[in-house]
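# Analysis of the macromolecular model
These are the residues of each chain, in order.
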Amino acid sequence: MPQEAEISTPRGDRENRYFLIGILAVALVLAGLCAAFLMALGANDLRVAERERDAVTAMLEERASAIQNSVHALLDDPELAQRVEMGDQAFVHQKFGLPLDTRFGYERAYLVERTTGQPVYASVNGLMQTPKDMAALAPQLRRAVRGIGDRRMGFLVDEQGVGFAVMVSEVAGAPGILCIAVDEVNDGFLGDMGSRLGITQLRVAPSGEISSADNGIMLADVSSDSPLALSWKSPTGYAGAVRQAAPAIALLSTALLGICFALLLRSRQSERALAESEARISALAFTDYLTGLASRGYFIDRFREVLDRLKTGETAALLLVDLDDFKDINDTLGHTLGDEVLQEIGHRLKAVVGERGLAARFGGDEFVLFVTADEREVLENVLPRLMASVQAPVMVDGREVMVGASVGAIFAPHHGTSTRDLMRRADMALYRAKAQGRSSFSRFEPFMEVEALNRRQVEEELETAISCGQLTLMYQQIVDVETERIVGFEALVRWNHPHHGRLLPEMFVPVAERSRLITRLDTFVLRTACEQGLRLPDVTISVNLSAVTLRDPDLKDRVLSVLAETGFDPGRLELEITESAIFQAEGQAKETLTNLRNAGVRIALDDFGTGHASLVHIRSVPVTKIKIDRSFIFNLGLERDAASIVEYVIRLGRSLGIVLTAEGVETREQLRFLRAFGAQQAQGFLFSQAVSIDTAVEQLEAQRAESKKVRGPAPPRGQSDNGKVE
Ligand code: C2E
Ligand code: MG
Ligand code: MG
């Protein structure tokens with residue numbers, strides 16, 4: 001049944017999984033972004049490092065070229081070449097070794113034989129080396145010649161320190177001689193290079209000593225086999241900055257991840273809340289909030305399914321249940337306790353259908369049930385149980401409340417197969433049940449459909465009639481039994497129908513009562529009667545009020561405002577209320593009548609004898625007049641019972657100080673009876689039919705003219721409750 005929409009566990013699991021995947025995805029994206037960022041920075045650093053290495057190499061090449069150029073500038077002299085060949089050391093020193101050091105700043109110069117690597121001249125720091133020194137240098141120089149090889153430059157490490165050695169292989173005029181010029185790698189060398197290239201901590205070190213944080217290039221140690229490197233500080237560039245910023249980046253990433261987590265959590269919560277409210281809404285759509293029974297929509301869907309599945313020979317019953325006078329219960333107990341009554345009735349109806357059907361509330365005090373059972377079973381079993389369960393007293397707030405219900409029943413497929421038709425026809429059956437009185441049951445019969453068609457048309461037309469002035473009032477005089485003088489007029493409504501002519505109230509008042517148009521109709525009659533009643537001075541004007549209007553909580557205010565607006569004397573207004581309406585009047589309705597009575601308005605009990613009221617009941621309502629129904633008057637003189645009932649009522653009424661009026665007096669005979677029994681007033685065709693206001697005015701004027709003739713000039717003024725003219 002209704003409680004279908006709940007968040008299932010698989011859905012929750014799926015949500016959790018999606019949530020974790022979401023978080024993981026965000027973390028991965030973040031990590032990926034950081035990695036890509038770092039990689040980009042790293043790649044950038046690598047490029048910078050490579051460019052530095054290229055720049056250092058180019059600079060060394062440049063320096064090597066400069067050294068070579070310097071060597072050529074000094075050595076490419078035929079005389080000097082000749083002197084070299086000759087072994088004139090002193091000359092060579094003066095013209096080459098010394099100026100190379102002093103003028104060009106290259107501290108060492110060696111001239112060696114190309115083939116043997118044997119030194120033929122050596123100068124160190126501007127000092128010419130002796131043959132002995134040269135002999136000591138010989139192995140190293142030989143290695144250097146080999147070591148430099150095709151590269152034409154390299155590092156040379158000896159007792160003097162580290163030098164940048166450059167080989168010049170072609171000495172003009174001395175083809176068998178090679179020259180090795182060495183520039184000392186001192187602070188000047190390195191500082192100059194560093195400042196020109198924008199690099200720091202430049203140094204020469206064995207290649208193994210270069211740390212990973214350093215950049216460098218390998219250069220052969222031409223004097224030994226161990227490789228050397230010219231190293232400098234790696235570009236700290238972006239990667240370094242990133243390393244420094246790493247904690248902050250980590251912190252920010254974590255914070256970002258946290259925010260994403262919170263956002264995801266939040267969106268998940270709102271998604272949950274959404275799902276829950278969706279579930280609640282759909283549950284509400286399935287159930288009636290007050291009773292927990294099925295809602296209208298849900299009921300109709302289920303009923304349609306049942307109808308679709310009915311097999312040949314199977315029957316489903318639809319029962320419409322309307323609580324009798326529930327409005328009175330609400331008025332007397334208040335809406336909260338009224339709701340409790342509805343809840344209790346809801347429980348009981350649910351128990352009655354059990355597993356064989358479904359119960360729903362269609363709003364207000366209207367319930368509906370379907371039961372899959374055949375007609376006999378429903379009529380003999382379900383229905384009596386239903387009636388009994390509704391009628392069992394309901395305990396609310398420590399009191400017993402009696403509830404009755406009218407039930408309309410219809411059977412499918414016998415009376416229809418579509419839910420729409422069945423509902424409509426069941427409503428007709430209910431209408432008929434309600435018309436039969438309290439706690440009645442009615443089964444749908446085809447004639448009801450014709451009746452209902454007619455009723456709907458009348459309803460529509462009546463609405464136009466009220467607003468378009470098709471209603472008129474006729475006035476029927478009420479006379480004093482003794483004098484037969486007019487003491488009042490009863491306003492009776494007529495409908496001048498454009499096609500059907502003049503319609504009597506019995507043809508449209510019941511329709512108006514059913515459709516709630518009655519309150520508008522009664523208000524129209526009340527206002528018109530008060531307006532026209534001003535033309536009928538000194539007599540009462542009686543206006544009929546329906547039981548439905550009597551239950552209207554605004555009735556008192558409406559009557560008083562009509563009186564104020566028309567200026568009609570409240571003491572001349574008499575409201576006629578049928579016996580059954582007064583009998584059912586409780587709470588609000590009784591209060592309305594009491595308030596109106598206190599304002600001077602008279603209250604007449606109409607059609608007395610047709611309902612269930614006893615005179616004892618009447619004492620609790622401020623009734624000023626009883627109108628004995630015309631069916632009793634009709635039988636006066638014909639049936640002995642009728643005479644004794646009328647006599648009894650008149651006597652009792654008199655003892656209670658209530659005016660007795662006999663309705664439907666058509667014969668002198670009936671009037672004689674009434675006089676004999678002591679009734680004060682009479683109304684009927686014997687005196688006059690209902691006439692137009694103009695005729696009523698004439699009737700009253702004629703009477704006055706006559707009384708002037710008979711009794712002299714003083715006209716009767718006012719009227720007391722006993723109907724006597726004062
Ligand atoms: P009621 O209030 O008992 O009105 C008296 C009815 O008896 C009137 O019928 C009147 O024409 C009829 N009548 C009067 N004298 C005689 C007679 O000697 N013999 C016979 N056979 N009938 C007589 P009407 O006008 O058809 O009204 C019928 C009922 O319709 C009224 O009964 C009243 O209950 C209701 N009604 C009339 N006007 C209104 C109205 O404005 N509002 C409401 N709510 N009901 C009205
Ligand atoms: Mg009446
Ligand atoms: Mg009447």
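For the structure given in this document, a descriptive report is provided here. Here the structure is a predicted model, which is why all the values come from computation and not from measurement. (Residues numbered from 1 in each chain as written. Chains lettered and ligands numbered in written order. Predicted model: local features only at pLDDT ≥ 70, side-chain atom pairs only at ≥ 80, totals over all residues. Heavy atoms only, no water.)

Of the regular secondary structure elements, the protein chain holds 23 helices and 25 strands. Partitioning the contacts of the protein chain with sequence separation of at least 6, the portion at a separation of at least 24 is 66%. Per element, the accessible surface of the protein chain, about 35800 Å² overall, is 54% carbon and sulfur. (Helix = DSSP H or I, 4+ residues; strand = E, 2+ residues; numbered from the N terminus. Contact = heavy atoms within 4.5 Å. Areas by Shrake-Rupley, 256 points an atom, 1.4 Å probe, with all protein chains shown as cover.)

Another point: the sheet that holds strand β10 (residues 316-323). In spatial order, the strands read β11-β12-β10-β15-β16; together these five strands make up an open sheet with mixed pairing. Because the sheet does not close on itself, it has two edges, and the strands there are β11 (357-361) and β16 (441-443). Across the sheet, the mean angle separating the axes of adjacent strands is 15° when strand polarity is ignored. (Pairing = 2+ DSSP bridges. Axes fitted to C-alpha atoms, helices over the stretch in contact; angles between N-to-C directions.)

A few words on unusual backbone geometry. With an omega dihedral of 5°, the bond running from Ala412 to Pro413 counts as a cis peptide bond. By secondary structure assignment, the location of Pro413 is in the loop between β15 (405-412) and α11 (419-435). Despite not being glycine, Asp325 has its phi angle at roughly 45°, a positive value. Residue position: Asp325 is located in the loop between β10 and α8 (326-333). The class of Asp325 is buried, set by a relative accessible area of 18%. Phi is positive for Glu484, close to 60°, though the residue is something other than glycine. Within the secondary structure layout, Glu484 lies in the loop between β17 (471-480) and β18 (486-497). Residue classification places Glu484 among the partly exposed positions, given a relative accessible area of 28%. (Buried < 20%, exposed > 50% of the residue type's maximum accessible area, 1.4 Å probe, protein only.)

The next subject is the coordination of the magnesium ion (ligand 2). Looking at the magnesium ion (ligand 2), one finds its protein donor set to be Glu490 (OE), Asn544 (OD1), Glu576 (OE) and Asp606 (OD), positioned 2.0 to 2.2 Å from the metal centre. If you list the donors of the magnesium ion (ligand 2) from N- to C-terminus, the spacing comes out as E-x53-N-x31-E-x29-D. Between the two metal centres, the magnesium ion (ligand 2) and the magnesium ion (ligand 3), the spacing is 3.9 Å, with Asp606 acting as a shared donor. Pair noted here: Glu490 is in strand β18 and Asn544 is in strand β20 (residues 540-545), with a separation of 54 residues, a long-range link. Owing to a relative accessible area of 4%, Glu490 belongs among the buried residues under this scheme. Asn544 sits in the partly exposed class, given a relative accessible area of 23%. (Donors = N, O, S within 2.8 Å, 3.2 Å for Na, K, Ca; no water.)

Below, the discussion takes up the packing of helix α9 (residues 335-353) against helix α10 (residues 375-391). Relative to each other, α9 and α10 sit at 160°, their axes nearing to 10 Å. With respect to α10, the element α9 is oriented roughly antiparallel. For the pair α9 and α10, the crossing hand works out as right-handed. For the pair α9 and α10, the contacting residues are Ile345, Arg348, Leu349, Ala351 and Val352 in the first and Val382, Arg385, Leu386, Ser389 and Val390 in the second. Looking at the contact of α9 with α10 residue by residue, the class counts come to seven nonpolar, one polar and two charged. (Parallel < 35°, antiparallel > 145°, perpendicular 65-115°, else oblique. Left-handed = near helix turned anticlockwise from the far one by under 90°. Nonpolar A, V, L, I, M, F, W, Y, C, P; charged D, E, K, R; others polar.)

Attention shifts here to a nonpolar patch on the surface. A contiguous nonpolar surface patch, about 290 Å² in accessible area, is contributed by Leu256, Ile259 and Leu263. By secondary structure assignment, the location of Leu263 is in helix α6 (residues 237-286). (Patch = residues over 30% accessible without salt bridge, like charges linked within 9 Å, V, L, I, M, F, W, Y side chains within 5 Å. Salt bridge = Lys/Arg side-chain N within 4 Å of Asp/Glu carboxyl O.)

A separate point is the coordination of the magnesium ion (ligand 3). Coordination of the magnesium ion (ligand 3) by the protein comes from Asp606 (OD), Asp607 (OD), Glu663 (OE) and Glu663 (OE), over a distance range of 1.8 to 2.7 Å. All donors of the magnesium ion (ligand 3) belong to a single chain; written as a sequence motif, their spacing is D-D-x55-E.

This part is about the side chain of Asn330. Note that Asn330 resides in helix α8. For Asn330, a relative accessible area of 14% gives the class buried.

On to the site of ligand 1. Neighbouring residues of ligand 1: 20 residues in total, closest Glu490, Asp606, Arg630, Glu666 and Phe685. Within the backbone of Val493, one N or O atom sits 3.3 Å away from a nitrogen atom of ligand 1. The side chain of Asp522 places a nitrogen or oxygen atom 3.0 Å from a nitrogen atom of ligand 1. Relative to its free-state accessible area of 790 Å², ligand 1 is covered by the protein chains to the extent of 85%. Elements that contribute at least two residues to the shell around ligand 1 include exactly β18, α14 (518-533) and β22 (602-608). Residue contributions to the shell around ligand 1 peak at four residues, all from β18. Taken together, the residues of the shell around ligand 1 break down into six nonpolar, five polar and nine charged. (Near = heavy atom within 4 Å. Polar contact = N/O pair within 3.5 Å; in protein donor to acceptor, adjacent residues only side chain to side chain.)

Checked against the element boundaries, Leu137 lands in helix α4 (residues 131-148). The spacing of Leu137 and Asp158 is 21 residues in sequence and 9.5 Å in space, taken between C-alpha atoms. Residues within four places of Leu137 in sequence aside, it is in contact with Tyr110 and Ala122.

For helix α2 (residues 78-86), the complete set of buried residues consists of Leu80, Ala81 and Val84. In an axial view of α2, the angular spread of the buried residues amounts to 100°, which keeps them on one side of the axis. With respect to the buried face of α2, the exposed residues turned more than 90 degrees away are Pro78, Glu85 and Met86. Immediately downstream of α2, the backbone of Gly87 shows phi near 85°, a positive value. (Arc of directions from axis to C-beta.)

A word on the nonpolar core. Counting residues in hydrophobic clusters, the biggest one holds 76 residues, and the most contacted among them are Leu521, Leu536 and Leu573. Of the residues forming this core, the biggest block, six residues, is contributed by α14. The contact partners of Leu536, leaving out residues within four places of it in the chain, are Tyr475, Phe489, Ile541, Arg572, Ile693, Ala696, Val697 and Leu700. Ala64, Cys179, Met193 and Ile217 belong to the second-largest nonpolar core, a separate cluster that totals 40 residues. (Core = buried A, V, L, I, M, F, W, Y, C linked by side-chain atoms within 4.5 Å.)

With that out of the way, let us pick up the pairing of strand β6 (residues 177-184). Counting buried positions over the eight residues of β6 gives seven, a clear majority of the element. Sheet analysis places strand β1 (residues 108-113) next to β6, joined by six bridges and oriented antiparallel. Paired with Arg108 across the two strands is Val182, which belongs to β6. The sheet contact formed by strand β5 (residues 161-168) and β6 spans six bridges and is antiparallel. Opposite Gly163, over in β6, you have Glu184 as the bridge partner.

Moving on, we get to the pattern of salt bridges. Counted by the stated rule, this structure contains 32 salt bridges. Close ionic contact of Asp325 with Arg551 constitutes a salt bridge, the shortest N to O distance being 3.3 Å. Remark: Arg551 occurs in the loop between α15 (547-550) and α16 (555-566) and Asp325 occurs in the loop between β10 and α8; sequence separation between them is 226 residues. Measuring nitrogen to oxygen at the nearest pair gives 2.8 Å for the salt bridge that ties Glu449 to Arg424. Residue Glu449 is found in helix α12 (residues 447-467), and its partner Arg424 is found in helix α11; the two are separated by 25 residues along the sequence.

This part covers the packing of α2 against helix α3 (residues 89-102). Following both chains from N to C, one finds α2 and α3 inclined at 140°, their axes separated by 9 Å at the closest point. Classified by the angle their axes make, α2 and α3 are oblique. Seen from above, α2 lies across α3 with left-handed handedness. Residue-level contacts link Glu79, Leu80, Arg83 and Val84 of α2 to Phe91, Val92, Lys95 and Phe96 of α3. Of the residues belonging to the contact of α2 with α3, the class tally is five nonpolar, no polar and three charged.

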